[in-house]
Amino acid sequence: LDLQPTDDPQRFRLAARAGLCTPFGFLYGGSGIAASIEAAERATGRPLQWIATQFIGTPVPDDIVDFEVTMPAHGKATTQAQVVATVDGRPVFTSLSAHTERQSGDGAQFLRMPVVPPPEDCPSMSEPFAAIVAGTFFDHLERRLAAGRIAIEAIDNPQAGPLAMWCRIPDHQIGSPATQAFVADIIPLAVCAALGSMPGGTSLDNTVRIIDPEPSEWVLLDITAEGFHRSIGHGSLRLWGRDGRLL
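K.L.:
Outline unusual backbone geometry, listing residues and values.
P.N.:
In most cases, non-glycine residues show a negative phi, while peptide bonds are predominantly trans. Positive phi values are uncommon outside glycine, yet aspartate 62 reaches one of about 80 degrees. Among the structural elements, aspartate 62 can be located in the loop between β3 (48–55) and β4 (64–74). With a phi angle near 55 degrees, arginine 230 is a residue other than glycine that sits in the positive phi range. With respect to the element layout, arginine 230 can be found in the loop between β10 (219–229) and β11 (232–241).

K.L.:
Just give me the short version of the nonpolar core, but keep the residues and values in it.
P.N.:
Nonpolar side chains in soluble globular proteins generally cluster together in the buried interior. Counting 58 residues, the largest nonpolar core has Val65, Phe67, Ile150, Val183 and Leu221 as the members making the most contacts within it. Ranked by residues supplied to this core, first place goes to helix α1 (residues 29–44) with 7 residues. When near neighbours in sequence (up to four residues on either side) are disregarded, valine 183 contacts Tyr28, Leu141, Cys167, Ile169, Ile174, Val219, Leu221 and Leu239. By size, the runner-up hydrophobic cluster in this structure holds 10 residues, among which are Val116, Ala146, Ala147 and Ala164.

K.L.:
A description of the pairing of β3 should follow, citing residues and the corresponding values.
P.N.:
Examined bridge by bridge, β3 and strand β6 (residues 90–100) share 7 bridges and lie antiparallel to one another. When the sheet's bridge partners are listed, glutamine 54 is paired in β6 with threonine 94. For β3 and strand β9 (residues 205–209), the ladder comprises 5 bridges, and the chain directions are antiparallel. Paired with isoleucine 51 across the two strands is valine 208, which belongs to β9.

What counts, and at which threshold
- Residues numbered from 1 in each chain as written.
- Predicted model: local features only at pLDDT ≥ 70, side-chain atom pairs only at ≥ 80, totals over all residues.
- Heavy atoms only, no water.
- Helix = DSSP H or I, 4+ residues; strand = E, 2+ residues; numbered from the N terminus.
- Core = buried A, V, L, I, M, F, W, Y, C linked by side-chain atoms within 4.5 Å.
- Buried < 20%, exposed > 50% of the residue type's maximum accessible area, 1.4 Å probe, protein only.
- Contact = heavy atoms within 4.5 Å.
- Pairing = 2+ DSSP bridges.

Here is the structure:
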């Protein structure tokens, strides 16, 4: 991300370079959430457990995004923070987050990863848009379809069954809250696949909860499109490590 510090330990700056943006010329939501997470973790000094982000505007390439972190609650082990991102003083998204440094020895997992072929046996995901994706955030992701159809393959073919894909960031493992957020912002594609419509859409909000930050080279995105009303799609996604851990 190359999030830059400032003289104020609760303020940071991000250059919205093309490699963090979509093929349509605005900041990818996963980039914005990842930057909010990194800013909040640096300011609080504590690892993130939960973050909810509302998107208000759309930074474009070459914009400078300023992040300000405030901490309404800072206890012995847990901090609750707010991150406000602006461009030239104009709000573009805002996040609420929770952080804790409690020990993780009491962890438990109650769900199992879906049974799908390994990434080596899955086809590469087709490009979701009839647009040039080189030079955008797509350059940072390798994605392989493990179940269902998505993007152009789902047009006029609504997907009612499971939808899953393997994903990795070449030369960078996925596990930290920022990396999980970066790869997981794909719900609009799943909603369009369920509708059988042309891929598209922008995010109103996104909530990320972290269970296990232990890194994995490949992660499985287990995606569920849940509904569509008033031109707004709803969905959820579980992120699994290759070894079956729920991240």
